[in-house]
Amino acid sequence: MNNADWLDRTRAALWHPCTQMKQLEQAPPLPIARGEGPWLIDYDGNRYLDAISSWWVNLFGHANPRINAALIDQLGRIEHVILAGCTHAPVVELSERLAKLTGLSHAFYGSDGASATEIALKMSFHYWRNLGQPAKTGFVSLQDGYHGETLGALSVTDVALFKDTYAPLLRPSHQVMSPDWRRAEAGESAEAYALRAAASLEDCLVECAATTAAVILEPLVQGAAGMAMYHPIYLSRVREMCDRHRVHLIADEIAVGFGRTGTLFACEQAGIRPDILCLSKGITGGYLPLSCVLTTDRVYEAFYDDTTARGFLHSHSYTGNPLACRAALAVLDIFEQDDVLAANQARAARFTELLAPVAAHPGVEHFRHRGMIWAFDVKDADPGFGLDFHRRALEKGLLLRPIGNTVYFMPPYVIEEEDMQCMAQVTHDLIANR
Ligand SMILES: *Cc1c(COP(=O)(O)O)cnc(C)c1O
């Protein structure tokens, strides 16, 4: 079977995510036979550098020998068991280790990012209800924020393309000014702009804290908004405000967790701890769907009671899947054993250097970088820019997926000098010959 065979069968049987299927007539999907580190290989033997970590999930490359070995070992023990009424070593060990790393003592599991958002929203609302404050039913989120696409998550998301069609199905929620530095006035520093955005959130909380359960945000980088980056002082201010107004802070680190922004978790850069933390994507190194919602003793204890209905009765069939938890434990082992955060600092410095000609190109603006995320905006891009850039990059062996006029890199943490040179060179050529 070659690429063409798989494409025919794909067209006949599949409905792809985030895709207008008719566009596949011009831009067929890439049939992937296997992976090797940061490389994807199709059925005709062509190789593509996975510069977006397979939609931000892969951390240590494809077919990673250490994660593979952990999964093979776990397969011989137990593949899955119901977590209501049962427990097992991988889920216990993962919860203990995440508690140590985040300072949040209790872990609740879901299957993907959107389910983590749903869990966080329900948990926050139910906490206040258990405390005798059932009027706290609202949520505040940021302009351009993204928290997933199930109905609850979409209600706190602010990406028009994903949201507008379904607006009649959604709960209203408040969206406040984004701290995205690209929106600053000329000459306004990232810090000054972040403080201005924080002040606008304060105005909102002064009005609506009594009916608000939580503020939900993506710390430091708003991914789906096009890798919008902001100053950490925003997070310190929000933490302080949420305490003062008695509103939870939900940190959605689904995309930015696990080293993406340079620290293991993005909140660390502001020295804050959220009340509720959502993790997914990189948690299993991109192997299996798993999400985790961590919270404090205080939240946990508000549910601990003789009355069943005061408990958090949410569930998913695959909650705490042992294979997914083993993959996550292997990921944490790699972080420790290889001192990944330090190695990434060197990688990041080198790639930033290699991207200097792209950043300096007159057709490029807002070049930005944090940890293992790089992004820039292309000036005067037409609506077809993203798809066209994606297609031209693929022809040169590079898998990129621009968001609007934003080109970004979010590579796995195993890229080496040659891979970085390839990403920088191909991108520069494409920008220069646009
Ligand atoms: C991807 C993402 C989600 C949703 O995760 P899914 O696994 O796609 O449901 C939620 N929040 C953020 C910040 C994300 O990047």
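Predicted model only: the values in this text are computed from it and were never measured.

1. Concerning the sheet that holds strand 10 (residues 248-252)
- Here we have seven strands laid out as an open sheet, ordered 4-12-11-10-7-5-6, and mixed in their pairing. Here the strands that pair on one side only, and so sit at the sheet edges, are strand 4 (106-110) and strand 6 (174-176). When the angles between neighbouring strand axes are averaged without regard to direction, this sheet yields 20°.
- As paired elements, strand 11 (residues 276-279) and strand 12 (residues 291-295) share four bridges and run antiparallel to each other. Following the sheet pairing, L279 is matched in strand 12 by C292.
- Helix-sheet contacts for helix 4 (residues 89-102) involve strand 4, strand 11 and strand 12, and the interaxial angle to strand 4 is about 120°.
- In the packing of helix 9 (residues 233-244) onto the sheet, contacts are made with strand 5 (138-142), strand 6, strand 7 (212-217) and strand 10, and the angle to strand 7 comes to roughly 170°.

2. Brief notes about the packing of helix 8 (residues 190-208) against helix 9
- Where helix 8 meets helix 9, the closest approach of the two axes is 9 Å, and the angle between their N-to-C directions is 20°. Relative to helix 9, helix 8 is oriented roughly parallel. In this structure, helix 8 crosses over helix 9, and the sense of that crossing is right-handed. In this structure, helix 8 contributes E191, A194, L195, A197, A198, L201, E202 and L205 to the contact, and helix 9 contributes I233, Y234, R237, V238, M241 and R244.

3. Brief notes about the site of the ligand
- In the vicinity of the ligand, the contacting residues are W56, D112, G113, A114, Y146, H147, G148, E218, D252, I254, A255 and K281.
- G113 is positioned with one of its backbone polar atoms (N or O) 2.8 Å from an oxygen atom of the ligand.
- Y146 is positioned with one of its backbone polar atoms (N or O) 3.4 Å from a nitrogen atom of the ligand.
- Computed on the free molecule, the ligand has an accessible area of 380 Å², of which 82% lies beneath the protein chains in the complex.

4. A look at the packing of helix 4 against helix 11 (residues 322-337)
- At a minimum axis distance of 9 Å, the contact between helix 4 and helix 11 shows a crossing angle of 40°. Relative to helix 11, the element helix 4 lies oblique. In the packing of helix 4 onto helix 11, the handedness of the crossing is left-handed. Along the contact surface, helix 4 presents P90, V91, E93, L94, R97, L98 and L101, while helix 11 presents P322, C325, R326, A328, L329, L332, D333 and E336.
- The residue makeup of the contact of helix 4 with helix 11, split by class, is 10 nonpolar, no polar and five charged.

5. A short note on the domain arrangement of the protein
- Split into domains, the protein comes out as domain 1 (3-28 + 51-56 + 340-432) and domain 2 (68-337).
- Each of domain 1 and domain 2 has a C-alpha centre, and the two are 26 Å apart.
- Both sides together, the interface formed by domain 1 and domain 2 hides about 2000 Å², and carbon and sulfur atoms give 64% of it.
- When the buried surface of domain 1 facing domain 2 is broken down by residue, W56, L341 and R370 rank first, second and third, together holding 37% of it.
- Across the domain 1-domain 2 interface, the total number found is one salt bridge.

6. Remarks on the sheet that holds strand 14 (residues 373-378)
- With antiparallel pairing, the three strands of this open sheet are ordered in space as 13-14-16. Edge strands, defined here as strands with exactly one partner in the open sheet, are strand 13 (364-370) and strand 16 (406-409). Strand after strand, the sheet turns through a mean of 15° between neighbouring axes, direction not considered.
- Here strand 13 runs beside strand 14; their pairing, made up of five bridges, is antiparallel. Bridge pairing links E365 to D377 in strand 14.
- Contacting strand 13, strand 14 and strand 16, helix 15 (residues 417-432) crosses the sheet at an angle of about 5° to strand 14.

Parameters at a glance
- Residues numbered from 1 in each chain as written.
- Predicted model: local features only at pLDDT ≥ 70, side-chain atom pairs only at ≥ 80, totals over all residues.
- Heavy atoms only, no water.
- Pairing = 2+ DSSP bridges.
- Helix = DSSP H or I, 4+ residues; strand = E, 2+ residues; numbered from the N terminus.
- Axes fitted to C-alpha atoms, helices over the stretch in contact; angles between N-to-C directions.
- Contact = heavy atoms within 4.5 Å.
- Parallel < 35°, antiparallel > 145°, perpendicular 65-115°, else oblique.
- Left-handed = near helix turned anticlockwise from the far one by under 90°.
- Near = heavy atom within 4 Å.
- Polar contact = N/O pair within 3.5 Å; in protein donor to acceptor, adjacent residues only side chain to side chain.
- Areas by Shrake-Rupley, 256 points an atom, 1.4 Å probe, with all protein chains shown as cover.
- Nonpolar A, V, L, I, M, F, W, Y, C, P; charged D, E, K, R; others polar.
- Domains from an automatic or database assignment.
- Buried area = accessible area lost by both parts, 1.4 Å probe.
- Salt bridge = Lys/Arg side-chain N within 4 Å of Asp/Glu carboxyl O.

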